[in-house]
Amino acid sequence: MQTQVKATSLEALCGQFDARQVILYDAGVLSAHPQLAEGEHDRWQIYAKLHLSLNHASRLHAYSPATEPLLVLAHQLSPAAILFLLYPFTTRINVLEANKIALSNHISQPEPDALTQAALQLSINDLKPSTPKTPDNFHSIFTDLEKSAPSHTPTDTQPITIRKQQF
């Protein structure tokens, strides 16, 4: 099975499964959203290698990489890749079990085509224009005429009227 989860989709997984943090270990490369705290990178690499050697598809357990213990949902994606979703220790087990099933279903879905992937990765910032729209030349002619038109206050000059004469 090709690893469907990529480092670019970790933020989406974090939001979709309401995790505190998502960590992906794939072929020796560790990626996380949000970024790992300083000093935790090596511990998570060792932890991921240990889980890959155990060869279980997925499991729930507790782990304390820093001072605060966390509940970890581990899901093995391939022989070289594993995904960890981290939750606060106060998270209910039935919530984690439901997330485990939902994650398994999500991972087992076929990978969407390139156009669908591009659409899924769009954010609200991609939908807004990056530069302010400049008026086109036709529109600017009318705005220039409006700006240069005489005001409606009486002046010494009168508008010029051109009449056609017939010969």
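As the structure is a computational prediction, the values presented were derived from the model and not from experiment.

Enquirer: A description of the packing of aromatic side chains should follow, citing residues and the corresponding values.
Expert: Counted according to the given criterion, the structure contains five aromatic pairs. Consider the rings of W44 and Y47, whose centres lie 5.3 Å apart with planes at 90 degrees: the pair is edge-to-face. With W44 and Y47 both in helix α2 (residues 41-54), this residue pair falls three residues apart, about one helical turn. The burial state of W44 is the same as that of Y47; both residues are buried. In this structure an aromatic cluster arises from ring pairing among W44, Y47, Y63 and F84.

Enquirer: Please give an account of α2 that cites residues and values.
Expert: In a regular helix each residue adds 1.5 Å, so 14 residues correspond to 20 Å; α2 covers 20 Å between its end C-alpha atoms and thus fits that length. Looking at α2, one finds that the buried residues are W44, Q45, Y47, A48, H51 and L52. When α2 is viewed along its axis, its buried side chains cluster within an angular range of 165 degrees and face the same direction. Along α2, the residues that are exposed and aim more than 90 degrees away from the buried face are D42, I46 and S53.

Criteria and cut-off values
Residues numbered from 1 in each chain as written. Predicted model: local features only at pLDDT ≥ 70, side-chain atom pairs only at ≥ 80, totals over all residues. Heavy atoms only, no water. Phe/Tyr/Trp six-rings, centres within 6.5 Å; stacked < 30°, edge-to-face > 60°. Helix = DSSP H or I, 4+ residues; strand = E, 2+ residues; numbered from the N terminus. Buried < 20%, exposed > 50% of the residue type's maximum accessible area, 1.4 Å probe, protein only. Expected span 1.5 Å × (residues − 1). Arc of directions from axis to C-beta.

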